[in-house]
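Structural description and commentary
For reference, the chains in residue letters:
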Amino acid sequence: MYNKTMHGLGSRRSVIRELFEFGKRRAAEVGAENVFDFSLGNPNVPAPDCVREAALDIISSEDPCAVHGYTSAQGDAGVRAAVADSLERRFGAGITPDLIYMTCGAAASLTVTLNALTEPGDEFLLLAPYFPEYAVFVSAAGATPVVVPYDEATMLPDLAAFEKALSPRVKGVIVNSPNNPSGAVYPRELLEKMCAVLRAKEKEFGHPVVLIADEPYREIVYGGAEVPFLPCLYDDTVVCYSWSKSLSLPGERIGYIALSPRLHDAAGVYAAVCGAGRALGYVCAPSLFQKIVARCVDASPDIAAYESNRDLLYGALTDFGYTAVHPDGAFYLFVKALEEDANAFSDKAKELGLLIVPGDDFGAKGWVRISYCVSHDMIERSLPAFKKLKAMYDAK
Ligand code: PLP
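Remember, predicted model here, so these are calculated numbers, not experimental data.

A look at the overall build of the protein
Counting its secondary structure elements, the protein contains 14 helices and 12 strands. A compact globule built from 396 residues should have a C-alpha radius of gyration of about 21 Å, and the protein, at 21 Å, falls within 12% of that. Taken along its principal axes, the extent of the C-alpha atoms in the protein is 60 × 55 × 55 Å. For the protein, the residues scored as buried account for 54% of the 396 residues in total. In the protein, once contacts between residues fewer than 6 apart in sequence are set aside, the share between residues at least 24 apart is 75%. Just so you have it, the protein exposes about 16,800 Å², and 53% of that area is on carbon and sulfur atoms. Positive and negative side-chain charges in the protein, numbering 37 and 50 respectively, have mean positions lying 4 Å apart.

Things to note about the site of the ligand
Taken together, 14 residues are adjacent to the ligand, and Asn180, Asp214, Tyr217, Ser244 and Arg253 come closest. Serine 242 is positioned such that a nitrogen or oxygen atom in its side chain is 2.8 Å from an oxygen atom of the ligand. Separating an oxygen atom of the ligand from a side-chain N or O atom of serine 244 is a distance of 2.6 Å. Surface burial for the ligand is 90%, taken as the share of its 390 Å² of free accessible area covered by protein chains. Counting residues per element, the shell around the ligand draws most heavily on helix 6 (residues 105-117), at 3 residues. By residue class, the composition of the shell around the ligand is 6 nonpolar, 5 polar and 3 charged.

Structural notes on the packing of aromatic side chains
With the rule as written, the count across this model stands at 14 aromatic pairs. Relative to tryptophan 367, the ring of phenylalanine 334 has its centre 5.5 Å away and its plane inclined at 15 degrees; by these criteria the two rings are stacked. Here phenylalanine 334 is found in strand 9 (residues 332-336), whereas its partner tryptophan 367 is found in strand 12 (residues 367-371), with 33 residues between them in sequence. Looking at tryptophan 367, the relative accessible area reads 5%, which means it is buried. A network of ring pairs unites the aromatic residues Tyr217, Tyr306, Phe331 and Tyr332 as a single cluster. The ring of phenylalanine 22 has lysine 350 sitting right over it, with the charged end atom 4.5 Å from the ring centre.

As for helix 3 (residues 49-61)
The end-to-end C-alpha distance of helix 3, which contains 13 residues, comes to 18 Å, matching closely the 18 Å that a straight helix rising 1.5 Å per residue would cover. Turning to helix 3, its buried residues number three or more, namely Val51, Ala54, Ala55 and Ile58. In an axial view of helix 3, the angular spread of the buried residues amounts to 100 degrees, which keeps them on one side of the axis. Opposite the buried face of helix 3, by more than 90 degrees, sit the exposed residues Asp49, Arg52, Glu53 and Ser60.

A closer look at the sheet that holds strand 12
With antiparallel pairing, 3 strands are arranged side by side in an open sheet as 9-12-11. Edge positions in the open sheet fall to strand 9 and strand 11 (357-358), since each of these has one partner strand only. Where strand 9 lies against strand 12, 5 bridges are found, and the strand directions are antiparallel. Bridge pairing in strand 12 links valine 335 to valine 368.

Notes on the environment of lysine 24
The topology assignment puts lysine 24 in helix 2 (residues 15-30). We classify lysine 24 as partly exposed; its relative accessible area is 47%.

A short note on the UniProt feature "domain: Aminotransferase class I/classII large" (unreviewed entry) in the protein
Under the feature "domain: Aminotransferase class I/classII large" (unreviewed entry), the UniProt entry names residues 34-382. Along residues 34-382 the backbone is 39% helical and 15% strand, and the end-to-end C-alpha distance reaches 9 Å.

Comments concerning the pattern of salt bridges
A full pass over the atoms with the stated rule returns 21 salt bridges. A salt bridge links glutamate 119 to lysine 171, with the nearest nitrogen and oxygen atoms 2.9 Å apart. Of this pair, glutamate 119 sits in the loop between helix 6 and strand 3 (123-127) while lysine 171 sits in strand 5 (residues 170-175), and the two are 52 residues apart along the sequence. Residue class for glutamate 119 comes out partly exposed when judged on its relative accessible area of 48%. The shortest N-O distance in the salt bridge between aspartate 311 and arginine 310 comes to 3.1 Å.

Some points on the sheet that holds strand 8 (residues 255-259)
Two orientations exist for strands paired in a sheet by backbone hydrogen bonds: parallel and antiparallel. Strand order in this open sheet of 7 strands is 2-8-7-6-5-3-4, and the pairing throughout is mixed. Of all the strands in the sheet, just strand 2 (100-103) and strand 4 (144-148) have a single pairing partner and so form its edges. On average, each strand axis in the sheet is tilted by 20 degrees relative to the strand beside it, whichever way the strands run. Where strand 2 lies against strand 8, 4 bridges are found, and the strand directions are antiparallel. Counterpart to tyrosine 101 in the pairing with strand 8 is isoleucine 257. Those strands touched by helix 5 (residues 77-91) are strand 2 and strand 8, and its axis lies near 115 degrees from that of strand 2. Here helix 10 (residues 266-279) sits on the sheet in contact with strand 2 and strand 8, set at roughly 20 degrees to strand 2.

Here is what the cut-offs are and how they apply
- Residues numbered from 1 in each chain as written.
- Predicted model: local features only at pLDDT ≥ 70, side-chain atom pairs only at ≥ 80, totals over all residues.
- Heavy atoms only, no water.
- Helix = DSSP H or I, 4+ residues; strand = E, 2+ residues; numbered from the N terminus.
- Rg over C-alpha atoms; globule rule 2.2 N^0.38 Å.
- Buried < 20%, exposed > 50% of the residue type's maximum accessible area, 1.4 Å probe, protein only.
- Contact = heavy atoms within 4.5 Å.
- Areas by Shrake-Rupley, 256 points an atom, 1.4 Å probe, with all protein chains shown as cover.
- Lys, Arg positive; Asp, Glu negative; His and termini not counted.
- Charge placed at Lys NZ, Arg CZ, Asp CG, Glu CD.
- Near = heavy atom within 4 Å.
- Polar contact = N/O pair within 3.5 Å; in protein donor to acceptor, adjacent residues only side chain to side chain.
- Nonpolar A, V, L, I, M, F, W, Y, C, P; charged D, E, K, R; others polar.
- Phe/Tyr/Trp six-rings, centres within 6.5 Å; stacked < 30°, edge-to-face > 60°.
- Lys NZ or Arg CZ within 6 Å of the ring centre and 35° of its normal.
- Expected span 1.5 Å × (residues − 1).
- Arc of directions from axis to C-beta.
- Pairing = 2+ DSSP bridges.
- UniProt positions renumbered as here; feature names shortened; annotations may be inferred.
- Salt bridge = Lys/Arg side-chain N within 4 Å of Asp/Glu carboxyl O.
- Axes fitted to C-alpha atoms, helices over the stretch in contact; angles between N-to-C directions.

Structure representation (structure tokens):
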């Protein structure tokens, strides 16, 4: 009657969603003020003014049939030109409008790209810790996800393990920096080394290995951390972007795929992207929001609130004696669980009202993710519970 894989995916919620739903039920029982929900990565900073201004102006002054009508399957030509111009101004990688495909957010950018690239027997490398949906997207595209372990000392990809995992079956590698869940920004030096390894493997295998740069957090960085633009470092790169986090528009489902002009057979891959968009029913990303983001392509997110949340949370938790990765980007703090089993640790935290996500599904057992795109006040009120949790383990 139905597809068993899809039934499984639909009936088993992600651990993040489970926690979020639990939080809502728990708030009804014990009061919202006693639940500290750090589960979701839903931005709590409003979209910048330019989004509202563009929306009002477009709706009140442009032809409604054009505003709400279909655009070209790959996105409105003017919008793609605005995105390409902005990328060129900022990074100078030579990406032209005919290499841009507008999508319904980063999830669609990734699924369309993976479907466009996958041939039978292909593998994609996921660099732990990674966004759990990657495994779902890769498998649904008909490829096999292969997890590359991280370096315990840095929580960044382990170069030796990366090289070892690169077999001739590998079609591509998903790189996500700034990273969900660790908040780490991959240093340029590491990326350059990874690209050198990829280039050597391409030569050895005689076929391209595509670097998929998933970068919805590109603009959310602190202290001037550099996020190198991967098409400038490696020719066979596809960028998967969305404005979900940078402009706080996750519910509007808007993003793009950008192919490097130096990608092997870029025109062929672009045609495959258009084909995958068609096959998956992802043609014509939301028209109104295409036009809005075209006017906001150079807008910067207001990251002051995230930064002050990061400072408060990282400072307090490390003072209490927790071990955490210092996040230079995104809005997640990755913390070492106080026992081996992060699920059991997350359950104990739950009893104190702290909703934090165990790292198993991120490919990092023994760690938990704390999403700090929440109110500063909630973080302040949650600190006694974090302190108590640590004291409970210290007393054992
Ligand atoms: N990639 C990463 C690393 C994410 O954290 C998310 C969402 O949290 C996505 C992709 C999906 O983003 P979107 O909501 O734009 O589909």
